[in-house]
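Coordinate analysis (summary)
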Amino acid sequence: MNPSLRSAALALLTAPVFAAAPVPLSIGPAFYGDPPDETHPWGIHDRNRPQPPRVVAGTPSLPGQPGRPPADAIVLFDGSASALANWESDGKEGGPTKWIVRDGALECVPKSGYIRSKARFGDCQLHVEWAAPREVKGNSQGRGNSGIFLMGLVEVQVLDNHENPTYADGFANSVYGTNPPLANPLRPPGEFQQVDIIFRRPVYRDGRVVDPGYLTVFCNGVLVQDHTPLEGQGGHMRRTKPGPFPESGPLKLQDHGNPVRFRNIWYRPLPPRSSEGGTDGALTPAATTAKRRATAADLRSDAEQRQGTERLLRLAESLVYESEPAATKRVEELATTYTIGLKGLPSTELESRKGEILGVLRAFRYLIKHGKLAAGSAPQRELERIERAQAWEEKKK
Ligand code: MG
């Protein structure tokens, strides 16, 4: 890897999550899998496709010991008394909450009101652990009730449903008032339940739904909401309708009159979906074209930093993403110069450069196969002549 690419790779590895690489990476073979198409800006096994950002994983929680969050998580409650400063009362004015920190847990003080995070966020991976009071009191919705409100709007129900039936759409891990959980994997009251949520807010454009928004929830490792579409924010008694959400909101925890305890609360913001301008996943033809054009421009500029065969191949690579007439002409010129340089070389010299020469021929064949270069050009014919003369042709299996 050349120094500029190495520094680009290092920059990518240390960059904030989801930052775009300034220069494409070069890992793996080029001219290999199927090329980009109308709705896929990357080829199959595309070496220029950005590497996933490195995240140092956390550790799992044990009954008496909360785990460590992943390194890039934004921690809202870590068990310390000072973490209470991440939260405020959900009253109009905010202000300090009356909830308390006891034995490493954030505990609801009944009748003190909901609390909300000072942090505002939208799409996220959210981790919350909660425990209903060990001493069982009440039944149905009156036992160990609290709630995890994404953006302060949609409630993933917190309820002690261990041997405690209630209406299904108000069950623990329901999207409250909308959709019951797929299962009841609750541990007995007093023990911490681990809830992992993937939340996507609704996306509207020009008053029309582009993406209804979804909730996926695991409780104690068991899937309880499977990409459940949102139907508005849901709620008590009234059926809500789908509609747009704000850009961001706080995480709220409910005071439903029970001293439910929480620990190990963290989230990771999620990258934008393709419907919001993200450049991965199912893209529109317009977004695909824009991404392919940008990649081709990056490759052309990277080619300018290189010399000789490297420059030729890098520029040829740009044609995979965008057929740009000036770049096509330049590839043909560089290839002509390249093959002229091979003319008259002794067979032993050609043999020592076998990998390089076949690499250029492979690029030509790939680009011709996928309609990016015209077949039968002088450089192609010369490279194929050398291939035959040196007996480099692959034996047919
Ligand atoms: Mg509730």
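Residues numbered from 1 in each chain as written. Predicted model: local features only at pLDDT ≥ 70, side-chain atom pairs only at ≥ 80, totals over all residues.

1. Topic: the overall build of the protein chain
Secondary structure summary: the protein chain contains seven helices and 15 strands in total. For the protein chain, the C-alpha radius of gyration of 29 Å lies well beyond 21 Å, the compact-globule estimate for 397 residues. Across its three principal directions, the C-alpha atoms of the protein chain cover 95 × 45 × 45 Å. Every one of the 397 residues in the protein chain was classed for burial, and the buried ones make up 35%. (Helix = DSSP H or I, 4+ residues; strand = E, 2+ residues; numbered from the N terminus. Rg over C-alpha atoms; globule rule 2.2 N^0.38 Å. Buried ≥ 20, exposed ≤ 12 C-beta atoms within 10 Å, placed from the backbone.)

2. Considerations on the packing of helix 3 (residues 308-321) against helix 6 (residues 354-369)
Contact pair helix 3 / helix 6: the axes reach a minimum separation of 10 Å and the direction vectors enclose 15°. Considering their axes alone, helix 3 and helix 6 lie roughly parallel with respect to each other. In terms of crossing hand, the pair formed by helix 3 and helix 6 is left-handed. Together, Thr309, Leu312, Leu313, Ala316 and Leu319 of helix 3 and Glu356, Gly359, Val360, Ala363 and Leu367 of helix 6 make up the contact between the two elements. Its residues assigned to classes, the contact of helix 3 with helix 6 comprises seven nonpolar, two polar and one charged. (Axes fitted to C-alpha atoms, helices over the stretch in contact; angles between N-to-C directions. Parallel < 35°, antiparallel > 145°, perpendicular 65-115°, else oblique. Left-handed = near helix turned anticlockwise from the far one by under 90°. Contact = placed C-beta atoms within 7 Å. Nonpolar A, V, L, I, M, F, W, Y, C, P; charged D, E, K, R; others polar.)

3. A closer look at unusual backbone geometry
Leave glycine aside and you will find that most residues have negative phi; peptide bonds, for their part, are mostly trans. Unusually for a residue other than glycine, methionine 151 sits at a positive phi of about 55°. One can find methionine 151 in the loop between strand 7 (146-150) and strand 8 (154-158). Residue methionine 151 is classed as buried on the basis of its C-beta count, with 22 C-beta atoms lying within 10 Å. Not every positive phi belongs to a glycine, and glutamate 163 is a case in point at roughly 55°. Looking at the element boundaries, glutamate 163 is found in the loop between strand 8 and strand 9 (193-200). Since 12 C-beta atoms lie within 10 Å of it, glutamate 163 is described here as exposed.

4. Overview of the domain arrangement of the protein chain
The domain architecture assigned to the protein chain consists of domain 1 (3-50 + 279-395) and domain 2 (74-276). Using C-alpha coordinates to define each centre, domain 1 is positioned 49 Å away from domain 2. (Domains from an automatic or database assignment.)

5. Details of the sheet that holds strand 8
The strand order 2-5-14-7-8 describes an open sheet built from five strands, whose pairing is antiparallel. One side of each edge strand has no neighbouring strand; the edge strands of this open sheet are strand 2 (87-89) and strand 8. The sheet shows a mean angle of 30° between the axes of neighbouring strands, direction not considered. Bridge count for strand 7 against strand 14 (residues 249-253) is two bridges, and the pairing is antiparallel. (Pairing = 2+ DSSP bridges.)

6. Topic: helix 3
Burial analysis of helix 3 places ten of its 14 residues in the buried class, which makes it a mostly covered element. If you check which residues of helix 3 are buried, you get Leu312, Leu313, Arg314, Leu315, Ala316, Glu317, Ser318, Leu319, Val320 and Tyr321. For helix 3, the elements touching its buried residues are helix 2 (285-304), helix 4 (325-342) and helix 6.

7. Here's the deal with helix 6
It helps to recall that an α-helix has 3.6 residues per turn; residues three or four apart then point in one direction. Counted at 1.5 Å a residue, the expected span for helix 6 with its 16 residues is 22 Å, and the 22 Å between its end C-alpha atoms agrees. Burial in helix 6 covers these residues: Ile357, Val360, Ala363, Phe364, Tyr366 and Leu367. Looking at the buried positions of helix 6, the neighbouring elements they touch are helix 3, helix 4, helix 5 (347-352) and helix 7 (378-389). (Expected span 1.5 Å × (residues − 1).)

8. Some remarks on the pairing of strand 7
Counting buried positions over the five residues of strand 7 gives four, a clear majority of the element. Relative to strand 8, strand 7 is paired through five bridges, and the arrangement is antiparallel. Opposite glycine 147, over in strand 8, you have glutamine 157 as the bridge partner. Two successive antiparallel strands, strand 7 and strand 8, enclose a turn made up of three residues, where methionine 151 displays a positive phi of approximately 55°.

9. Observations concerning the nonpolar core
Counting residues in hydrophobic clusters, the biggest one holds 45 residues, and the most contacted among them are Trp130, Val195 and Leu215. Ranked by the residues each element gives to this core, the list is headed by strand 6 (residues 124-131), at five residues. Phe31, Tyr321, Ala335 and Leu373 belong to the second-largest nonpolar core, a separate cluster that totals 25 residues. (Core = buried A, V, L, I, M, F, W, Y, C linked by C-beta atoms within 7 Å.)

10. Focus: the environment of valine 55
Of note, valine 55 is situated in the loop between helix 1 (3-14) and strand 1 (74-77). Here valine 55 falls in the exposed class, since 12 other C-beta atoms lie within 10 Å of it.

11. Focus: the environment of isoleucine 386
Relative to the elements of secondary structure, isoleucine 386 occurs in helix 7. As for isoleucine 386 and tryptophan 99, which are separated by 287 residues in sequence, their C-alpha atoms are 79 Å apart. Among residues more than four places away in sequence, those in contact with isoleucine 386 are Leu342, Leu350 and Ile357.

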